[in-house]
Amino acid sequence: MMKRIKTLVLSLVMILPMLLSAQEQKIYDTNADAKKDIAKAVEAAKNSNKHVFLQIGGNWCPWCIKFHNFVHNDAELSSFMADNFEVVKVNYDQNNRQEELLTELEFPQRFGFPVFVILDGSGKRIHTQNSAFLEKDKSYDKDKILRFLKNWSPAALDPASYKK
């Protein structure tokens with residue numbers, strides 16, 4: 001019995017800092033005007049031949065923080081993302097449920113959080129991605145993320161990419 005208690009306490013001591021650091025990291029601006037940020041990103045995407053990548057979630061969501069860190073800490077993923085997408089983190093929380101915006105985006109919250117929405121350079125929604133399909137074990141899968149990003153990059157949807 002005492003051994004079990006020691007194991008439990010040790011496990012908590014090891015896990016607690018990770019949980020606290022995930023909760024302390026704030027990647028979503030809770031005061032941001034999402035519609036204005038998206039409009040700026042769409043304009044920038046149009047001018048630079050990119051798409052817009054919306055990461056919808058909140059600072060309360062450990063998987064949202066985990067995705068941000070996973071991409072940010074991987075040079076290949078973060079470079080590909082920067083080269084092909086204007087990124088907007090859309091905050092969703094109990095104080096700001098983004099109801100009007102999510103209605104316009106055809107209810108991506110149905111997949112849970114984080115959820116990713118890809119817009120083209122004109123602001124048209126071209127894809128909604130359930131992030132669960134990009135997971136592996138207790139993290140994310142780099143190959144799945146890279147394949148997803150490549151499949152929805154501007155080059156993938158450019159007809160010239162398919163001419164012989």
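It should be emphasised that the depicted structure is a prediction, and the values quoted were computed from it without experimental measurement. (Residues numbered from 1 in each chain as written. Predicted model: local features only at pLDDT ≥ 70, side-chain atom pairs only at ≥ 80, totals over all residues. Heavy atoms only, no water.)

Caption draft 1: Main features of the overall build of the protein. Broken down by element type, the protein carries six helices and six strands. Ordered by position in the sequence, the α and β elements of the protein form the string α-α-β-α-α-β-α-β-β-β-β-α. Burial statistics for the protein: of 164 residues in total, 38% are counted as buried. When contacts within the protein are restricted to residue pairs at least 6 apart in sequence, those whose partners lie at least 24 apart make up 70%. (Helix = DSSP H or I, 4+ residues; strand = E, 2+ residues; numbered from the N terminus. Buried < 20%, exposed > 50% of the residue type's maximum accessible area, 1.4 Å probe, protein only. Contact = heavy atoms within 4.5 Å.)

Caption draft 2: View of the pattern of salt bridges. Scanning all chains against the criterion turns up seven salt bridges. A salt bridge links aspartate 74 to lysine 142, with the shortest nitrogen-to-oxygen separation between them at 3.2 Å. Taken together, the residues aspartate 74 in the loop between helix H3 (62-72) and helix H4 (75-84) and lysine 142 in helix H6 (residues 142-151) connect sequence positions 68 residues apart. Each of Lys35, Glu100 and Glu104 takes part in salt bridges that share partners, so that together they form one network. (Salt bridge = Lys/Arg side-chain N within 4 Å of Asp/Glu carboxyl O.)

Caption draft 3: Region of the structure containing H6. Residues Ile145, Leu146, Phe148 and Leu149 constitute the buried set of H6. Taken end-on, H6 shows its buried residues confined to a sector of 160 degrees, consistent with a single buried face. Structurally, the start of H6 carries an N-cap: the backbone nitrogen of aspartate 143 is 2.9 Å from a side-chain oxygen of aspartate 141. (Arc of directions from axis to C-beta. Polar contact = N/O pair within 3.5 Å; in protein donor to acceptor, adjacent residues only side chain to side chain.)

Caption draft 4: Summary view of the packing of H4 against H6. Running from N to C, H4 and H6 point in directions that differ by 15 degrees, and their axes come no closer than 11 Å. With respect to H6, the element H4 is oriented roughly parallel. Considering only the axes of H4 and H6, their crossing is left-handed. Across the interface between the two elements, Glu76, Leu77, Phe80 and Met81 from H4 touch Lys142, Ile145, Leu146, Leu149 and Lys150 from H6. (Axes fitted to C-alpha atoms, helices over the stretch in contact; angles between N-to-C directions. Parallel < 35°, antiparallel > 145°, perpendicular 65-115°, else oblique. Left-handed = near helix turned anticlockwise from the far one by under 90°.)

Caption draft 5: Quick peek at the nonpolar core. Residues Ile38, Val52, Leu54, Ile56, Val90, Leu105 and Leu119 are the most contacted members of the largest nonpolar core, which totals 17 residues. For this core, the secondary structure elements donating two or more residues are helix H2 (34-48), strand S1 (51-57), strand S2 (85-91), helix H5 (99-104) and strand S3 (115-119). Counting residues per element, this core draws most heavily on H2, at five residues. Ignoring sequence-local partners within four residues, the contact set of valine 52 consists of Ala41, Val42, Ala45, Phe85, Glu86, Val88, Val117, Ile118, Leu119 and Asp120. Core analysis: the next-biggest nonpolar cluster, separate from the first, contains 15 residues, Val71, Leu77, Phe85 and Tyr140 among them. (Core = buried A, V, L, I, M, F, W, Y, C linked by side-chain atoms within 4.5 Å.)

Caption draft 6: How the structure looks around a nonpolar patch on the surface. On the surface, a nonpolar cluster with roughly 380 Å² of combined accessible area is contributed by Met1, Met2 and Ile5. Relative to the helices and strands, methionine 2 is located in helix H1 (residues 2-24). (Patch = residues over 30% accessible without salt bridge, like charges linked within 9 Å, V, L, I, M, F, W, Y side chains within 5 Å. Areas by Shrake-Rupley, 256 points an atom, 1.4 Å probe, with all protein chains shown as cover.)

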